Amino acid sequence: MTEPLDPVIHAQARLRVVAALSALPEGDLLTFPRLQEILAMTAGNLSVHLRKLEDAGYVEITKTHHGRTPATLIRLSRRGRLAFDDYTAAVRSLLDGADPTGST
Amino acid sequence: MNDSDVDDRPPSAAEAQDLIREQRALASRSISPDPRTLYWPWSIAWLVGFGCLYLRFGPDDQVLVPMPEWLPLTVLYVMMAAALVISGVSGARHARHIKGDSQVKGATYGFAWFLGFAGIGVSAGRVSDLLPPAETGLLWAGLSVAFVAAMYLAGGALWGERDMVILGVWVGVVNVVGVLVGPGWHSLIIATAGAAGGLVAGYVAARRLNRGS
């Protein structure tokens, strides 16, 4: 196959994070606990993956306050959305292509 | 090393595609209210409320079931108020974990429902006493259903929900036909065709959401 799949997204956990966030309408942010609930990950594990995605510029993390309680809000950046679209397209073309295993 | 190493394993293309589909469906279900809670309370309100209206103010001034003149409209409006609260609470509860554009849209849309019904109530209330009871019923009924239909269209446009747009058109058209045919018939048409439209739309939208498409 031509180009390798985006290594930032091409890992079970981060693919799940990005896929879940991609279901959110653009311009919306999701709270950390709800994202955690959707993904059924531990808070620590999710934080690690979010940091990697943030470092790549795929995810934007906003810390804010609701009254006294701090809240963390997450969304895909425009770049993240594009990367996810490219990734899905690449996966589709792998599946449509000659290589039936399509691994890595 | 950290605990994320296990799921750092790259998936195969097929696995990746399944993962994406599952995760998106799961996320959509988690961030959207169950469509049945948005449609079905209205269907039930119409079925019962317009059912009563039909039985008391049947076509050609027939009284199919004797009951006080004020009762059917009261039942209808109490049930519609309940539907408004149930669908509103369901929408708001799901919006709690989402911030941003949708939150503003949702709040504005919710407010539009209350404002619209307030306007209808005040206007229809003012002229009600001037009309014969059957026409009074038709005025309240026709206005409220027309407003609900318009709000379905607006909601469908806001969230890109095709089912909601189709339901809005259906309810709007059926309402106009009913009002033209006259008191009694209007109640019967909305209690059956209108309510059925909401039941079908809720069912279809819920299935679509669960499938994640």
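Just above, that's the structure.
What comes next is a walk through the structure.

### Thoughts on the packing of aromatic side chains
Residues and elements named next belong to chain B. All told, the structure shown has 10 aromatic pairs over all chains when counted by the stated rule. For the pair W42 and F117, a centre-to-centre distance of 6.2 Å together with 5 degrees between the ring planes defines the contact as stacked. On the criterion of sequence distance, the pair formed by W42 in helix 2 (residues 35-56) and F117 in helix 4 (residues 101-127) is long-range, its members being 75 residues apart. The same class applies to W42 and to F117, which are both buried. Seen in terms of ring centroids, Y109 and W113 are 6.2 Å apart; in terms of plane orientation they differ by 90 degrees. Their pairing is edge-to-face. Of this pair, Y109 and W113 both sit in helix 4, 4 residues apart, which is roughly one turn of the helix. Overall, W113 belongs to the buried group, its relative accessible area being 8%. The residue whose ring lies beneath R36 is W40, and the NZ or CZ to ring-centre distance is 5.9 Å.

### What about the interface of chain A and chain B?
Facing 40 residues of chain A, the contacting portion of chain B comprises 30 residues. For the pairing of chain A and chain B, the buried interface totals around 3000 Å² over both sides, and the portion due to carbon and sulfur atoms is 59%. Ranking the residues of chain A by area buried against chain B places Q12, R34 and I38 of chain A at the top, with a combined share of 21%. Along the contact surface separating chain A from chain B lie 0 salt bridges. Linking chain A to chain B there are 9 residue pairs in polar contact (both at pLDDT 80 or more). Of all the elements in the fold, those that place two or more residues in the side of chain A that touches chain B are helix 1 (12-22), strand 1 (28-31), helix 2 (32-39), helix 3 (43-55) and helix 4 (78-96) of chain A. The class makeup of the residues in the side of chain A that touches chain B is 19 nonpolar, 14 polar and 7 charged.

### Re the pattern of salt bridges
All names here are of chain B. Going through the model one piece at a time under the given rule, you end up with 7 salt bridges over all chains. Between R56 and E69 there is a salt bridge, with the nearest N and O atoms lying 3.9 Å from each other. With R56 in helix 2 and E69 in the loop between helix 2 and helix 3 (71-95), the pair connects residues that are 13 residues apart, well separated along the chain. Residue R56 is classed as buried on the basis of its relative accessible area of 13%. For the salt bridge of D163 with R208, the shortest nitrogen-to-oxygen distance reads 2.7 Å. Note that D163 is positioned in helix 6 (residues 162-181) and R208 in helix 7 (residues 185-211), a separation of 45 residues in sequence.

### Quick word on the environment of I44 of chain B
All names here are of chain B. Positionally, I44 belongs in helix 2. According to the relative accessible area criterion, I44 is partly exposed, its value standing at 45%. Sequence separation between I44 and A191 is 147 residues; the distance between their C-alpha atoms is 8.7 Å.

### Side note on the packing of helix 6 of chain B against helix 7 of chain B
All names here are of chain B. Contact geometry for helix 6 and helix 7: axes closest at 9 Å, N-to-C directions at 175 degrees. On the basis of the axis angle, helix 6 is roughly antiparallel to helix 7. The residues of helix 7 that touch helix 6, namely those facing R162, D163, L167, W170, V171, V174, N175, V177, G178, V179 and V181, are W185, H186, I189, I190, A193, G194, G197, G198, A201, V204, A205 and R208. In terms of residue class, the contact of helix 6 with helix 7 is built from 14 nonpolar, 6 polar and 3 charged.

### Let's talk about the environment of L19 of chain B
With respect to the helices and strands, L19 of chain B occurs in helix 1 (residues 13-31). For L19 of chain B, the contacting residues outside a window of four places in its chain are Q12, L15 and R16 of chain A.

### Let's talk about helix 2 of chain A
When we look at burial in helix 2 of chain A, the residues that qualify are F32, R34, L35, I38 and L39 of chain A. For helix 2 of chain A, the buried positions fall inside an angular range of 165 degrees around the axis, keeping them on one side. Contacts from the buried residues of helix 2 of chain A go to helix 1, strand 1, helix 3 and strand 3 (69-76) of chain A together with helix 1 of chain B. A40 of chain A occupies a position one or two residues after helix 2 of chain A and carries a positive phi of about 50 degrees.

Conventions used here
Residues numbered from 1 in each chain as written. Chains lettered and ligands numbered in written order. Predicted model: local features only at pLDDT ≥ 70, side-chain atom pairs only at ≥ 80, totals over all residues. Heavy atoms only, no water. Phe/Tyr/Trp six-rings, centres within 6.5 Å; stacked < 30°, edge-to-face > 60°. Helix = DSSP H or I, 4+ residues; strand = E, 2+ residues; numbered from the N terminus. Buried < 20%, exposed > 50% of the residue type's maximum accessible area, 1.4 Å probe, protein only. Lys NZ or Arg CZ within 6 Å of the ring centre and 35° of its normal. Contact = heavy atoms within 4.5 Å. Buried area = accessible area lost by both parts, 1.4 Å probe. Salt bridge = Lys/Arg side-chain N within 4 Å of Asp/Glu carboxyl O. Polar contact = N/O pair within 3.5 Å; in protein donor to acceptor, adjacent residues only side chain to side chain. Nonpolar A, V, L, I, M, F, W, Y, C, P; charged D, E, K, R; others polar. Axes fitted to C-alpha atoms, helices over the stretch in contact; angles between N-to-C directions. Parallel < 35°, antiparallel > 145°, perpendicular 65-115°, else oblique. Arc of directions from axis to C-beta.

Just geometry here; none of it tells us what the structure is for.
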